[in-house]
There are 2 protein chains.
Amino acid sequence: MNIAVIGSGMVGVAIGTRLVELGHHVKMGSRTANNPKAVEWAKAAGGGASVGTFADAIRFGEIVFNCALGGASVEVLASAGEEALDGKLLLDISNPLDFSKGMPPTLFVGNTDSLGETIQRAFPKARVVKTLNSIAAPVMVNPALIPGDHDVFVCGNDGSAKAQATDILKNWFGWRSVVDLGDISASRVTEAWVIFWVRIMMLTGSPMHNLKIVR
Amino acid sequence: MNIAVIGSGMVGVAIGTRLVELGHHVKMGSRTANNPKAVEWAKAAGGGASVGTFADAIRFGEIVFNCALGGASVEVLASAGEEALDGKLLLDISNPLDFSKGMPPTLFVGNTDSLGETIQRAFPKARVVKTLNSIAAPVMVNPALIPGDHDVFVCGNDGSAKAQATDILKNWFGWRSVVDLGDISASRVTEAWVIFWVRIMMLTGSPMHNLKIVR
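Model, not experiment: these values are computed from the prediction. (Residues numbered from 1 in each chain as written. Chains lettered and ligands numbered in written order. Predicted model: local features only at pLDDT ≥ 70, side-chain atom pairs only at ≥ 80, totals over all residues.)

Draft legend 1. Spotlight on the overall build of chain A. When you go through chain A residue by residue, the secondary structure sums to eight helices and 11 strands. Whereas a compact globule of 215 residues would reach a radius of gyration of roughly 17 Å, chain A reaches 16 Å, a difference of no more than 12%. In terms of overall dimensions, chain A has C-alpha extents of about 40 × 35 × 35 Å along its principal axes. Within chain A, the proportion of its 215 residues that are buried is 52%. For chain A, the proportion of contacts with a sequence separation of at least 24, taken over those separated by at least 6, is 71%. (Helix = DSSP H or I, 4+ residues; strand = E, 2+ residues; numbered from the N terminus. Rg over C-alpha atoms; globule rule 2.2 N^0.38 Å. Buried ≥ 20, exposed ≤ 12 C-beta atoms within 10 Å, placed from the backbone. Contact = placed C-beta atoms within 7 Å.)

In structure tokens form, the structure reads like this:
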């Protein structure tokens, strides 16, 4: 498939690399068409990897992974025009993190709203699924890096989009437990969880942890 | 020991009953000295159980369990005078939940502050430990009700208070895994987690679940 990866940070690189390994054509979008990190990634990933602007990538992708910074996500996703996302599966991995007060970060939207909801409102015809946002980048595409059972969550307003996302998580990335938390408003809790996740990282010195719902 | 349980809801009843079973003298505090729910609890619990006003209970207890509603907690804890809590271990189980917009609730304080911090600021000489707030009442004092490994969290500014709280959680209530999240500001994440917990309860129809940090 033709897939857009929006953002050339650790998350975009991890997701893009795995997708190329799986044989997909992946265009990594950046603010400029020849972002050095994206170009470096494409050289290393080989085969189906290419680079372009955010708008180039969005137009290219049948599926769009939003791996941009939370504060930039709406603007970046709008760069090809709102309608460029119509009907597409938009996997939103971004987080509304505010580091301006240092560590741990705070949320710039939360409690009664979320970034997932903000993105769905901005692109009402995109099929937004919030997922993977609270997991270390290498673990997103290789959950076995953390031994034992642990969970990844999906939420969104479109059931078929969540089914497609669940299939990607299980069959492309290797997740065994995908928990559907309901509509996109559940982004409020998976985004808030990230601050908990950061606290544990600060205590343990490692991002290699995840949660499991025990019941 | 003489222990105060502040509040006669499900949490106060679960905690108070277990403490009496352990042989402690437990005074359950309510808004009135003879709250019917508290009186009923004391009759059922027997032995070391007694009732009184919030102020009566706070004065009585060497340890204070705050099982009051979040919105009432500061006022209720102040009812015996701020100094009545000086030096005491104050186990804060309350949550800043706002149900005014229906289910799931929102938080009336969060992100850059928390109820745990608010209580510590209001009673600066109390040794506040936030714990147990994200766990179903029966599970608080009997974690084996949920099979398998799962975690309870403590946070607070006083290391000896956290050590005492950890001892209570392990040796009185049966918790095997007590995770110290740091100072009282970590209440922000354990209180925010409660909304996640509620969402899972709404999906599964059961409060009998808890989280485990897998790493």
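That was the structure; now back to the text.
Draft legend 2. View of the nonpolar core. If you look at the biggest cluster of nonpolar residues, it comprises 138 residues, and the most contacted ones within it are Val5(A), Ile6(A), Phe65(A), Val5(B), Ile6(B) and Phe65(B). Aside from chain neighbours lying at most four places away, what touches Phe65(A) is Ile3(A), Ala4(A), Val5(A), Ile6(A), Ile15(A), Leu91(A) and Ile93(A). (Core = buried A, V, L, I, M, F, W, Y, C linked by C-beta atoms within 7 Å.)

Draft legend 3. How the structure looks around the sheet that holds strand S1 (residues 2–6) of chain A. Residue and element names in this part refer to chain A. Read from one edge to the other, the open sheet built from eight strands follows the order S3-S2-S1-S4-S5-S8-S9-S10, with strand pairing classed as mixed. Edge positions in the open sheet fall to strand S3 (49–53) and strand S10 (178–180), since each of these has one partner strand only. Direction aside, neighbouring strands of the sheet carry axes that sit 25° apart on average. Relative to S3, strand S2 (residues 25–30) runs parallel, the two sharing five bridges. Looking at S3, one finds that Lys-27 is bridged to Ser-50. In the packing of helix H1 (residues 10–21) onto the sheet, contacts are made with S1, S2, S3 and strand S4 (63–66), and the angle to S2 comes to roughly 160°. (Pairing = 2+ DSSP bridges. Axes fitted to C-alpha atoms, helices over the stretch in contact; angles between N-to-C directions.)

Draft legend 4. Structural detail: the interface of chain B and chain A. Opposite the 29 residues of chain B that make contact, chain A presents 29 residues. If you list the elements that add at least two residues to the side of chain B that touches chain A, you get strand S7 (106–107), helix H8 (187–204) and strand S11 (210–214) of chain B. The element that contributes the greatest number of residues to the side of chain B that touches chain A is H8(B), accounting for 10 residues. A breakdown of the residues in the side of chain B that touches chain A according to their chemical character gives 15 nonpolar, 10 polar and four charged. Where strand S11 (residues 210–214) of chain A lies against S11(B), five bridges are found, and the strand directions are antiparallel. Looking at the pairing, Ile213(A) lines up with Leu211(B) of S11(B). (Nonpolar A, V, L, I, M, F, W, Y, C, P; charged D, E, K, R; others polar.)

Draft legend 5. Local environment of the relation of the copies chain B and chain A. For the pair chain B and chain A, the relating rotation is 180°, the translation along its axis is 0.0 Å, and the fit reaches an RMSD of 0.0 Å. The superposition operator between the copies reduces to a two-fold rotation axis. When C-alpha distances to the rotation axis are compared across chain B, the minimum falls at Lys212(B), with a value of 2.6 Å. (Least-squares fit on C-alpha atoms with pLDDT ≥ 70 in both.)

Draft legend 6. Molecular detail of the sheet that holds strand S2 (residues 25–30) of chain B. Residues and elements named next belong to chain B. Pairing within the open sheet is mixed, and its eight strands lie in the order S3-S2-S1-S4-S5-S8-S9-S10. Across the chains shown, the open sheet's two edge strands, defined by having one partner strand only, are strand S3 (49–53) and strand S10 (178–180). Direction aside, the axes of adjacent strands within the sheet are offset by 25° on average. Sheet topology note: the strand S4 (residues 63–66)/strand S5 (residues 89–92) ladder contains four bridges and is parallel. What sits directly across from Phe-65, in S5, is Leu-91.

Draft legend 7. Molecular detail of H8(B). Residues and elements named next belong to chain B. Taking 1.5 Å as the rise per residue, H8 with 18 residues should run 26 Å; its terminal C-alpha atoms sit 26 Å apart, in good agreement. Of all 18 residues that make up H8, 13 are buried, and the element is covered over most of its length. Gly-205 occupies a position one or two residues after H8 and carries a positive phi of about 75°. (Expected span 1.5 Å × (residues − 1).)

Draft legend 8. Structural detail: the environment of Ala163(B). All names here are of chain B. Structurally, the position occupied by Ala-163 is in helix H7 (residues 159–172). Of the residues examined, Ala-163 has 13 C-beta atoms within 10 Å and is grouped as partly exposed. Separated by 91 residues in sequence, Ala-163 and Ala-72 place their C-alpha atoms 27 Å apart.

Draft legend 9. Region of the structure containing the environment of Gly156(B). Residue and element names in this part refer to chain B. Looking at the element boundaries, Gly-156 is found in strand S9 (residues 152–156). Note: C-alpha distance between Gly-156 and Gly-23 (133 residues apart in sequence) is 27 Å. Leaving out residues up to four positions away in the same chain, Gly-156 has contacts with Val-128, Val-129, Lys-130, Ala-161, Lys-162, Asp-183 and Ile-184.

Draft legend 10. Representation of helix H5 (residues 115–122) of chain B within the structure. Residues and elements named next belong to chain B. Counting buried positions along H5 yields six of eight residues, so the element is predominantly enclosed. Every buried residue of H5 is accounted for by Leu-115, Gly-116, Glu-117, Thr-118, Ile-119 and Gln-120. Buried residues belonging to H5 abut helix H4 (73–77), S5, strand S8 (127–131) and H8.

Draft legend 11. Spotlight on the pairing of strand S5 (residues 89–92) of chain A. All names here are of chain A. Neither face of S5 is open: one carries Leu-89 and Leu-91, the other Leu-90 and Asp-92, and all of them are buried. In this sheet, strand S8 (residues 127–131) lies alongside S5 in parallel orientation, the contact comprising four bridges. In the sheet register, Leu-91 faces S8, and the bridge partner there is Val-129.

Draft legend 12. Inspection of unusual backbone geometry at higher detail. In this structure, Pro104(A) follows Met103(A) across a cis peptide bond, with omega equal to -15°. Its place among the elements puts Pro104(A) in the loop between strand S6 (97–98) and strand S7 (106–107). In this model, Asn111(B) sits at a positive phi of 65°, which is unusual for a non-glycine residue. Its place among the elements puts Asn111(B) in the loop between S7 and H5. A tally of 17 C-beta atoms within 10 Å means that Asn111(B) is categorised as partly exposed. At Leu132(B), a position not held by glycine, the phi torsion is positive, near 65°. Position of Leu132(B) among the secondary structure elements: in the loop between S8 and helix H6 (137–140). On the basis of neighbour counts, which here come to 27 C-beta atoms within 10 Å, the residue Leu132(B) falls in the buried class.

Fair warning: the whole summary comes from geometry, so function is off the table for now.
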